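# Survey of secondary and tertiary structure
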Amino acid sequence: MVLREWKAAVITFEEIIESYYDTPLLNKTYLQTARSYHKMNEPEKALKMMDKIDVNALSASNRQEYHKLLKEIPEPVQ
């Protein structure tokens, strides 16, 4: 993400989710994956990832980031 290589970030985050599904950092990983999808202009995938997040399990700063990202992602066109 530091290098703004969003596709590479998503691949890495998905590997973490698949391999370490019981990690306490899972919700933060979902959040960062959603942010990467948003940066790649893929709002449907970003929202799908956001749906997996347990907001109550996020730290205060990550909770703020979650709500900010939720406002930034456009609603899907039906």
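Everything discussed here concerns the structure shown above.
Parameters and conventions
- Residues numbered from 1 in each chain as written.
- Predicted model: local features only at pLDDT ≥ 70, side-chain atom pairs only at ≥ 80, totals over all residues.
- Heavy atoms only, no water.
- Helix = DSSP H or I, 4+ residues; strand = E, 2+ residues; numbered from the N terminus.
- Expected span 1.5 Å × (residues − 1).
- Buried < 20%, exposed > 50% of the residue type's maximum accessible area, 1.4 Å probe, protein only.
- Arc of directions from axis to C-beta.
- Contact = heavy atoms within 4.5 Å.
- Core = buried A, V, L, I, M, F, W, Y, C linked by side-chain atoms within 4.5 Å.
- Salt bridge = Lys/Arg side-chain N within 4 Å of Asp/Glu carboxyl O.

A separate point is helix 4 (residues 60-72). For helix 4, built from 13 residues, the straight-helix expectation of 18 Å at 1.5 Å per residue is met to within 8% by its first-to-last C-alpha distance of 19 Å. Every buried residue belonging to helix 4 is among Asn-62, Glu-65, Tyr-66 and Leu-69, and all of these are buried. The arc that holds the buried residues of helix 4, viewed along the axis, is 105°, so those residues lie on one side. Away from its buried face, by an angle of more than 90 degrees, helix 4 presents the exposed residues Ala-60, Gln-64, Lys-68 and Lys-71. In this structure, the buried side of helix 4 is in contact with helix 2 (26-39) and helix 3 (43-51).

Core analysis: the biggest nonpolar cluster contains 17 residues, and Met-50, Ile-53 and Tyr-66 have the highest contact counts within it. When residues of this core are traced back to their parent elements, those giving at least two are helix 1 (6-19), helix 2, helix 3 and helix 4. Examining the composition of this core, we find that five residues originate from one element, helix 2, more than from any other.

Turning our attention to the pattern of salt bridges. In the structure shown here, the tally under the stated rule is three salt bridges. Two residues, Glu-65 and Arg-35, come together in a salt bridge whose shortest N-O distance is 3.4 Å. Of the two residues, Glu-65 is situated in helix 4 and Arg-35 in helix 2; the sequence distance between them amounts to 30 residues. Here Arg-35 falls in the buried class, since its relative accessible area comes to 11%. A salt bridge links Arg-35 to Glu-72; the nearest nitrogen and oxygen atoms lie 3.4 Å apart. In this pair, Arg-35 is assigned in helix 2 and Glu-72 in helix 4, connecting sequence segments 37 residues apart. Owing to a relative accessible area of 33%, Glu-72 belongs among the partly exposed residues under this scheme.

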